[in-house]
Amino acid sequence: MPAASAALRSFAPTKPVLDGQVVLITGGTGSFGRRFVQRALAEQQPKKLIVFSRDELKQYEMQEALREQFDPAVLAKMRFFLGDVRDQSRLTLALRGADVVIHAAALKQVPAAEYNPSECIHTNVLGAENVVWASLNNRVQRVVALSTDKACNPINLYGATKLASDKTFVAANNLAGDIGTRFSVVRYGNVAGSRGSVAPLFERLAAKGAADLPITDPRMTRFWISLDQGVDFVLSSLEMMRGGEIFVPKIGSMTMPDVARALAPDLPHRTVGIRPGEKLHEMMISSDDARMTTELPDRYVIEPGFVEYTRRPFSEDGGQAVPDGFTYSSDTNTEWLDAAGLKALLAGHG
Ligand SMILES: NC(=O)c1ccc[n+]([C@@H]2O[C@H](COP(=O)([O-])OP(=O)(O)OC[C@H]3O[C@@H](n4cnc5c(N)ncnc54)[C@H](OP(=O)(O)O)[C@@H]3O)[C@@H](O)[C@H]2O)c1
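Draft legend 1. Quick look at the overall build of the protein chain. When its secondary structure is counted, the protein chain shows 12 helices and 17 strands. Over its C-alpha trace the protein chain gives a radius of gyration of 20 Å, about what one expects of a compact globule, namely 20 Å for 350 residues. The burial tally for the protein chain puts 54% of its 350 residues in the buried class. Sequence-distant contacts, at least 24 apart, represent 83% of the contacts inside the protein chain between residues at least 6 apart. Total accessible area on the protein chain is roughly 15000 Å²; 52% of this is exposed by carbon and sulfur atoms. Averaging the coordinates of the 39 positive side-chain charges in the protein chain and doing the same for the 40 negative ones gives two points 3 Å apart.

Draft legend 2. Structural view of the site of the ligand. Contacts to the ligand come from 28 residues, most closely from Thr29, Arg54, Asp55, Lys108 and Tyr158. In this structure, a nitrogen atom belonging to the ligand sits 2.8 Å away from a side-chain N or O atom of Asp84. Taking Tyr158, its side chain carries an N or O atom lying 2.6 Å from an oxygen atom of the ligand. Relative to its unbound accessible surface of 890 Å², the ligand loses 95% to contact with the protein. Those elements that place two or more of their residues in the shell around the ligand are α2 (31–43), β5 (142–148), α8 (157–172) and β7 (190–191). With three residues, the single largest contributor to the shell around the ligand is β5. Broken down by class, the residue content of the shell around the ligand amounts to nine nonpolar, 12 polar and seven charged.

Draft legend 3. Seen up close, the pairing of strand β10 (residues 246–249). Alternating positions in β10 separate into two faces, Ile246 and Val248 on one and Phe247 and Pro249 on the other, with burial throughout. Here strand β6 (residues 182–188) runs beside β10; their pairing, made up of two bridges, is parallel. By the bridge assignment for β10, Val186 is matched with Phe247. For β10 and strand β15 (residues 299–302), the ladder comprises four bridges, and the chain directions are antiparallel.

Draft legend 4. How the structure looks around the packing of helix α7 (residues 117–137) against α8. α8 packs onto α7 with a crossing angle of 10° between their chain directions and a minimal axis gap of 9 Å. Compared by their axis directions, α7 and α8 come out roughly parallel. Seen from α7, the contacting residues are Pro117, Cys120, Ile121, Asn124, Val125, Ala128, Glu129, Val131 and Val132; seen from α8, they are Leu157, Tyr158, Thr161, Lys162, Ala164, Ser165, Thr168, Phe169 and Ala172. Here the contact of α7 with α8 is composed, by residue class, of 12 nonpolar, four polar and two charged.

Draft legend 5. Spatial organisation of helix α3 (residues 56–69). The terminal C-alpha atoms of α3 lie 20 Å apart, and with 14 residues this matches the ideal 20 Å at 1.5 Å per residue to within 8%. All buried positions along α3 are accounted for by Gln59, Met62 and Leu66. All buried residues of α3 project into a common sector of 65° when viewed along the axis, lining one side. Every exposed residue of α3 that faces more than 90 degrees away from the buried side is listed here: Arg67 and Glu68. The opening residue of α3 is Asp55, an N-cap whose side-chain oxygen sits 3.1 Å from the backbone nitrogen of Leu57.

Draft legend 6. Quick peek at the side chain of Arg187. Relative to the helices and strands, Arg187 resides in strand β6. Among the residues examined, Arg187 registers a relative accessible area of 2% and is labelled buried.

Thresholds applied
Along each chain, the written sequence defines residue order, and numbers are assigned to residues from 1. Restriction of local features to residues with pLDDT of at least 70 applies here, the model being predicted, together with a cutoff of 80 or more for giving and counting side-chain atom pairs; totals for whole chains, interfaces and linings are based on all residues. Side-chain metrics rest on all non-hydrogen atoms present in the structure, leaving aside hydrogens and water. In this description a helix means any DSSP run of H or I spanning at least four residues, a strand means any run of E spanning at least two, and both kinds are numbered starting from the N terminus. Radius of gyration: over C-alpha atoms. The globule rule applied is 2.2 Å multiplied by the number of residues raised to the 0.38 power. Note on exposure labels: buried denotes an accessible area under 20% of the residue type's maximum, exposed denotes more than 50%, and partly exposed covers the range between, all computed with a 1.4 Å probe on protein chains only. Working rule for contacts: check all heavy atoms of both residues, and any pair within 4.5 Å makes them a contact. For accessible areas, the Shrake-Rupley method is used with a probe of radius 1.4 Å. Any residue's cover is judged against the shown protein chains and nothing else. Counted as positive: Lys and Arg. Counted as negative: Asp and Glu. His and the chain ends are not counted at all. Each charge is placed at NZ for Lys, CZ for Arg, CG for Asp and CD for Glu. Definition of nearness: a residue and a molecule or strand are near each other if at least one heavy atom of the residue lies within 4 Å of the molecule or strand. In the analysis that follows, any N or O atom pair within 3.5 Å is treated as a polar contact, provided that within protein one partner can donate a hydrogen and the other can accept it, and provided that, for residues neighboring in sequence, both atoms belong to side chains. Residue polarity is assigned by list, with Asp, Glu, Lys and Arg as charged and Ala, Val, Leu, Ile, Met, Phe, Trp, Tyr, Cys and Pro as nonpolar; anything else, Gly included, falls into the polar class. The pairing criterion is simple: DSSP has to find at least two bridges between the two strands. Note on geometry: axes are C-alpha line fits, over the in-contact stretch for helices, and angles between N-to-C directions span 0 to 180 degrees. With respect to orientation, any angle under 35 degrees is reported as roughly parallel, any angle over 145 as roughly antiparallel, any angle of 65 to 115 as roughly perpendicular, and every other angle as oblique. Here, expected helix span is obtained from the residue count minus one, scaled by 1.5 Å. For this quantity, the arc is that covered by the directions from the helix axis to the C-beta atoms.

By themselves, these observations are geometric and do not establish any function.
Encoded structure:
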């Protein structure tokens with residue numbers, strides 16, 4: 001497939017899935033959350049949209065930014081809840097009357113997680129469990145949790161906590177009984193332009209007149225997705241979810257030197273070595289997951305192993321089983337981004 005199509009693949013839902021729904025997003029002031037809220041207010045008609053996060057300043061700044069973009073009538077749908085996902089009682093209060101939960105709150109910096117493991121475990125693992133219980137207690141209908149490629153065969157604490165979180169959401173479907181809440185996970189790679197991403201770092205260094213760009217390892221590859229593709233992927237996964245699956249989008253890969261060349265063609269590279277806890281290549285589906293994986297035109301679905309609720313697998317609805325031993329990894333990916341593709345992702349297209 002040509003490079004541009006991976007960058008510009010649309011994951012948009014077929015209909016406005018949030019219309020008439022009370023939606024709560026944990027981590028709503030983060031990179032994903034802010035774009036999700038903007039898009040939901042601009043393109044859909046949610047009944048209420050609740051942002052749940054800890055820092056009052058981020059919430060204040062988000063409110064100010066939204067005031068410049070939307071009419072007061074639209075903003076009347078917004079609620080800003082201060083709260084910590086570690087606090088189940090606060091989550092339970094915030095989730096009263098919610099139909100849909102998008103769980104985007106996380107600690108996600110690999111080095112910080114290595115240095116402060118218990119903080120990362122508290123937010124990413126115990127926080128996930130709290131979202132499950134608060135959703136069940138409030139009879140929420142659908143919950144989508146955001147995951148990362150680092151959760152597949154994890155080698156760092158961040159990835160391990162996200163794997164534990166994924167397992168918590170997948171298993172939660174078996175706890176729902178007649179409440180019927182359905183929980184699913186979306187897993188994707190680097191979000192071009194998100195807070196802490198390497199692409200904005202390279203852009204900043206180039207703008208500041210740096211003499212060279214630091215490259216961890218010239219062989220390193222990563223999956224790339226735009227913020228808008230991520231939002232669309234969450235929305236379309238919300239639309240098609242059956243409960244218990246991990247949705248993985250088909251997105252392009254790029255080597256780190258190609259990322260640097262795309263953003264600063266004239267700057268030389270300086271190899272600085274892989275940081276503790278980093279992989280040379282990222283994986284989204286391991287060969288052990290392959291036997292549970294169904295391929296659809298724009299995504300893979302890792303179907304749940306233990307199903308004690310009514311669920312029809314995607315494999316029975318036109319999905320194709322992937323071959324034995326299949327892996328979806330950023331180095332063996334068949335779709336590669338070029339400089340134009342990366343810039344399109346950074347501009348938010350797709
Ligand atoms: N960015 C990427 O490249 C990428 C790639 C794959 C997957 N993901 C996943 O996508 C999700 C969103 O990522 P992002 O890039 O939007 O992250 P982000 O910009 O760092 O935002 C994280 C959000 O979570 C909130 N938060 C953190 N700890 C919290 C807690 N204990 N309780 C409540 N809220 C908390 C933060 O606000 P406060 O600090 O104010 O609480 C912020 O709103 C994460 O689950 C991440 O693992 C991201």
